[in-house]
Structures are given as structure tokens and as C-alpha cells.
Amino acid sequence: MKSVSDKKVAVIGAGLAGLSAAITLQDAGCEVDVYESSDRVGGRVATDLIDGYRLDRGFQLINSRYPELLRLDVVRELNFVEASRSVDVCLDEAIVTLGDPRENPFAALNSATGSIFTKLRFIGYLTSTSKQGRSVEDELSQYGDLYQRVLKPFLSGVFLTSPANVDAVSGKEIVRSFISGKPGLPAHGAGELPKALAQRVRSIHLNTRIDSLDGLKADAVIVAADLTTAAQLLDIPNVPKLASSTTWYHEVPIEMTLSNRLLIDGQSRGPVINSIAISNMVPSYAPIRKTLLSSTTIEFASESEVRRHLAIMWGVSTSEWALIAKYEIPKSLPIFGLGKQGIQSAKVSENLFVAGDYRTAPSQNGALLSGRLAAQELLLN
Ligand SMILES: Cc1cc2nc3c(=O)[nH]c(=O)nc-3n(C[C@H](O)[C@H](O)[C@H](O)COP(=O)(O)OP(=O)(O)OC[C@H]3O[C@@H](n4cnc5c(N)ncnc54)[C@H](O)[C@@H]3O)c2cc1C
């Protein structure tokens, strides 16, 4: 029997799960080859540079306090810019700021987003244990306006689906990580995270699509491809549903807003689930004296519907805006529906393992964790 350090392992996919698996295996002394079908690492975490704009392929924030990121000690390599921990909620004609009381000490008192009593009760939700078989919405709808006007629109942007579709137990983990987290972005885009991790991996073969496991020269294999590909390669039945999303990037007049906070519509008057002047948060996302707006939808919508809704949310005319790019991501996130729990054994058969966010939690942390766990299970094999 080969010792761990003699093992040659093939990892399929250089998304966060594959990179995390490769780093764990290398640290244990294995020889690892990562095969990636596209021309770059990162999978769903990627940034394009177009005409001086940094465009993440889908709006996402990185929580620098994710346990797997702390473990990898990678955030210090990213030139990380912290996001505001408050959100702006648009209600009728007004915008109410809500979130971290240290940033906005009086915001919690605004009754338009729920009474102070309701807000204090919500802390109880965070510390309680959720019940199996219920959805996030089942547990949160008791909070009335706080849920309908703030939590529901905000969480729809986190899960990329209605909280009514998400299991209460796994959903609460994600809610907690947002409340206690320190979100932000690398100055040069979200794609800097997988790039930094890839620096630690000795052998990555880009533009190398694996269509069959036969013929791979390895003692063991970790399939860390996206869910659809993994299901085909491994013949997995009953795969979770996937949420889709579209991120719209507009260049807007620089004087439109100075806000660096995420804006949500407390009255859900259109298809946009959130919008942020992302270059006010990370200035290097736009050329000098330009403002880049990032807005996300989860239902099908035309650009005119998106503009109409954004005009209401931001309270401005959109006639001078220019559409820079639109990213449609049909397979954005796995939906952890009712009764669907994360973390199962990664072992598929002797010397064959599987990793990916759909195994643990629909987040960067979930993907990194699944990769590490698959590698550790392989090492114990
Ligand atoms: C719009 C959007 C917003 C998000 N927002 C957040 C957020 O705010 N916070 C958060 O924590 N998470 C967020 N996420 C989730 C997070 O990005 C993902 O959970 C994570 O990146 C998934 O990583 P993965 O490695 O499991 O899968 P993937 O990133 O899908 O990686 C799979 C890799 O396998 C490769 N591959 C596929 N088939 C093959 C093959 N046959 N051969 C070789 N290679 C192959 C693919 O090219 C890809 O690189 C968001 C995701 C999206 C899309």
C-alpha cells in the first residue's frame, strides 16, 4: 500500500473547492495535478477587466471572516477593501440605512423597518436552533415589516432565490455568517482570491477538460467540477436545483450617489434585488471620475424593466446611463431546499471523491470547506 506522500492525485476543476482540495493534499505531501477546462482558475469567482472597469462575473462579496479563509490566511494577500456593514432600504420616497449599530447607531430605531422590539427579538432567531423541515421564510415571517421590507429582499440577494425555498437549518448558517462577518472585495476584483490560492498549487493544467475518469494517471481522483458536470461524470442522481442570476453593470453619472452601501427595495417594486455603486466601495472598479453601478436580478427581466426599477430605487433618471456589461449566470448557486442539509461523505467509491459548494453550503466558504474535507477523507482512505 502506498504511503500518503507517494500518492498521485488528480483534481478536476480549479474553482475554490478544487484549489482548496489541492492545497490540502499538497500540504500532506501528495503529488497533485489540477485539471481545469477553462483558461483561468476560480470557476464562479472571476473578474474581467473591460475598458478600465473591473467586472466580477456576478456580484459577490467575500467574507474575510469565513473560517476557511482564516485557515488559509489568504486575505492579507488580496489588498482587501471592507464593505459597509449597513444596507440602505428604499421605502416610498425615502432611503433608510440599517445594519451594524456601530456604523449607524440610530438606524435601528427607525420604525419603518420594524419596531425596536422586533429587532431585539430577531437576535433571538440568530442564537436559536432551527427546526428541520421548515424554510427560512417560515421562521422569519413572524418578524413582520423587518422580514418583508429588509430581510426578505436582502436574503433573496444572498440565496439568489426566495427564502421560502431555502432550508431553515442550512439557511441560518449563511444568515449568521453575514451578520457576524466582515465582507469586502479585493481591490482588483473577486477573482484575486482564487488567483492567490492558485499560486500555492504546483501543477494546474488550464484548458484541459476531463470528459471521462478513465485514463487519468492517478491513484485517486477528486471531482471538484460544477454540479452538472460532476453529476454526468459520476452518475449522481437527485441533484439539487440551481438558482440563476443576472448582474447588470451601468456607468452612471458621478454625482448620482456617494453611497458605498448596498441598496435594496423594501417594497419589491421590480426585478432588481440589490444595487450598489461598487466603485464607491472599491474605487479601482472604475476609471477615474466614473461610477460603476452593479445591480442583480434573479427573474428574467429586460434592460428597460431593470432601468425603470433602478430609477425608483435610486430616485434618479437613468437616461444618461450606459450599459457596460450584463452577466447571465444560469447556474449561480445550489438551492439547499427543505430538508437538504450540507456536509455528507465525499467518498463516491474507492479512491474517488467529490467536492463542490453543493456538498456543504452555497458559498465560497462552503466550496473551500468541501474541497478540504474531500482531501482529508482521501488522506484517511
Ligand atoms: C452571482 C453569484 C454570487 C455569489 N455570491 C456569493 C457571496 O456573496 N458570498 C459567497 O460566499 N458566495 C457567493 N457565491 C457562491 C460562490 O461563488 C460559489 O459557491 C463558489 O465559488 C463555488 O465554487 P466551486 O469550486 O464549488 O465551483 P465552481 O466555481 O463552479 O468551480 C468548478 C470548476 O470546475 C471546472 N470544470 C467544470 N467541468 C470540468 C471538466 N469537465 N474538466 C475540468 N474542469 C471542469 C469549471 O470550469 C470551474 O472552474 C456567489 C456565486 C455567484 C455565481
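Only a predicted model underlies this, so the values are computations on that prediction, with no experimental measurement involved.

**Considering the overall build of the chain**
Secondary structure assignment for the chain yields 11 helices and 18 strands. The C-alpha atoms of the chain give a radius of gyration of 21 Å, which matches the 21 Å a tight globule of 381 residues would have. By its C-alpha atoms, the chain is 70 × 50 × 35 Å across when sized along the principal axes. A fraction of 72% describes how many contacts in the chain between residues 6 or more apart in sequence connect residues 24 or more apart.

**Observations concerning the site of the ligand**
Taken together, 35 residues lie near the ligand, and Gly13, Gly15, Gly43, Gly58 and Gln60 sit nearest. Breaking the shell around the ligand down by element, the ones donating at least two residues are α1 (16–27), β16 (322–334) and α11 (364–380). Top contributing element to the shell around the ligand by residue count: α11, with four residues. In terms of residue class, the shell around the ligand is made up of 14 nonpolar, 16 polar and five charged. Among the domains, domain 1 (4–45 + 191–239 + 341–380) and domain 2 (47–186 + 242–334) are the pair contributing at least three residues each to the shell around the ligand.

**Some words on the sheet that holds strand β17 (residues 347–349)**
The strand order across the open sheet formed by six strands is β10-β2-β1-β11-β18-β17, and the pairing between neighbours is mixed. Both outer strands of the open sheet, β10 (204–205) and β17, are each paired with one neighbouring strand and no more. Here three bridges tie strand β11 (residues 220–223) to strand β18 (residues 352–354), and the two strands are oriented parallel to one another. If you follow Val223 over to β18, its bridge partner there is Val354.

**Examining the sheet that holds strand β5 (residues 62–63)**
Here three strands make up an open sheet; going across it, the order is β5-β9-β6 and the pairing antiparallel. In this open sheet, the two strands that pair with only one neighbour each are β5 and β6 (80–82). Where β6 lies against strand β9 (residues 183–186), three bridges are found, and the strand directions are antiparallel. When the bridges of β9 are listed, Phe80 appears paired with Pro186.

**What to know about the domain arrangement of the chain**
As far as domains go, the chain holds domain 1 (4–45 + 191–239 + 341–380) and domain 2 (47–186 + 242–334). Domain 1 and domain 2 are separated by 29 Å when their C-alpha centres are compared. Within the residue set of the side of domain 1 that touches domain 2, elements represented by two or more residues are α7 (192–198), α8 (227–234) and α11. Per-element accounting of the side of domain 1 that touches domain 2 gives the leading share, five residues, to α11. A class-by-class count of the residues in the side of domain 1 that touches domain 2 yields nine nonpolar, eight polar and five charged.

**A word on the environment of Lys217**
Note on placement: Lys217 falls in the loop between β10 and β11. C-beta crowding within 10 Å serves as the criterion here: with 7 such atoms nearby, Lys217 is assigned to the exposed category. For the pair formed by Lys217 and Asp33, sequence separation is 184 residues and the distance between their alpha carbons is 9.6 Å.

**Looking at helix α10 (residues 303–314)**
Between its terminal C-alpha atoms α10 stretches 16 Å, which fits the 16 Å expected from 12 residues at 1.5 Å a residue. Listing the buried residues of α10 in full gives Val306, Arg307, His309, Leu310, Met313 and Trp314. Down the axis of α10, the smallest arc covering the buried residues is 165 degrees, so these residues share one side. Where α10 is buried, its residues contact β7 (86–91), β12 (242–252), β13 (262–265), β14 (272–277) and β15 (291–297).

**Notes on the nonpolar core**
Within soluble globular proteins, side chains that are nonpolar generally end up buried alongside one another. Judged by nonpolar contacts, the single largest core of 102 residues is most densely connected at Val11, Ala21, Ile222 and Ala374. Both domains that furnish three or more residues to this core are identified here as domain 1 (4–45 + 191–239 + 341–380) and domain 2 (47–186 + 242–334).

**As for the packing of α1 against α11**
For the pair α1 and α11, interaxial distance at closest approach is 7 Å and the crossing angle is 40 degrees. In terms of crossing hand, the pair formed by α1 and α11 is right-handed. Along the contact surface, α1 presents Leu16, Ala17, Gly18, Leu19, Ser20, Ala21, Thr24 and Leu25, while α11 presents Gln364, Ala367, Leu368, Ser370, Gly371, Arg372, Ala374, Ala375 and Gln376. Classifying every residue of the contact of α1 with α11 by side-chain character gives nine nonpolar, seven polar and one charged.

**Some thoughts on the pairing of β7**
Inspection of the sheet shows β7 paired to strand β8 (residues 94–99) by six bridges, in the antiparallel sense. Following the sheet pairing, Cys90 is matched in β8 by Ile95. The turn linking β7 back onto β8 is made up of two residues, and Asp92 within it adopts a positive phi angle of 50 degrees. Judged from the four bridges that link them, β7 and β13 form a sheet pairing that is parallel. Note on β13: the bridge partner recorded for Asp88 is Leu263.

**Topic: the environment of Phe59**
Mapped onto the fold, Phe59 is located in the loop between β4 (53–56) and β5. Counting along the chain gives 46 residues from Phe59 to Gly13, while the straight-line C-alpha distance between them is 22 Å. Contact partners of Phe59, with chain neighbours within four places excluded, come to Thr247, Ser294 and Thr296.

The rules behind each value
Residues numbered from 1 in each chain as written. Predicted model: local features only at pLDDT ≥ 70, side-chain atom pairs only at ≥ 80, totals over all residues. Helix = DSSP H or I, 4+ residues; strand = E, 2+ residues; numbered from the N terminus. Rg over C-alpha atoms; globule rule 2.2 N^0.38 Å. Contact = placed C-beta atoms within 7 Å. Near = placed C-beta within 6 Å. Nonpolar A, V, L, I, M, F, W, Y, C, P; charged D, E, K, R; others polar. Domains from an automatic or database assignment. Pairing = 2+ DSSP bridges. Buried ≥ 20, exposed ≤ 12 C-beta atoms within 10 Å, placed from the backbone. Expected span 1.5 Å × (residues − 1). Arc of directions from axis to C-beta. Core = buried A, V, L, I, M, F, W, Y, C linked by C-beta atoms within 7 Å. Axes fitted to C-alpha atoms, helices over the stretch in contact; angles between N-to-C directions. Left-handed = near helix turned anticlockwise from the far one by under 90°.

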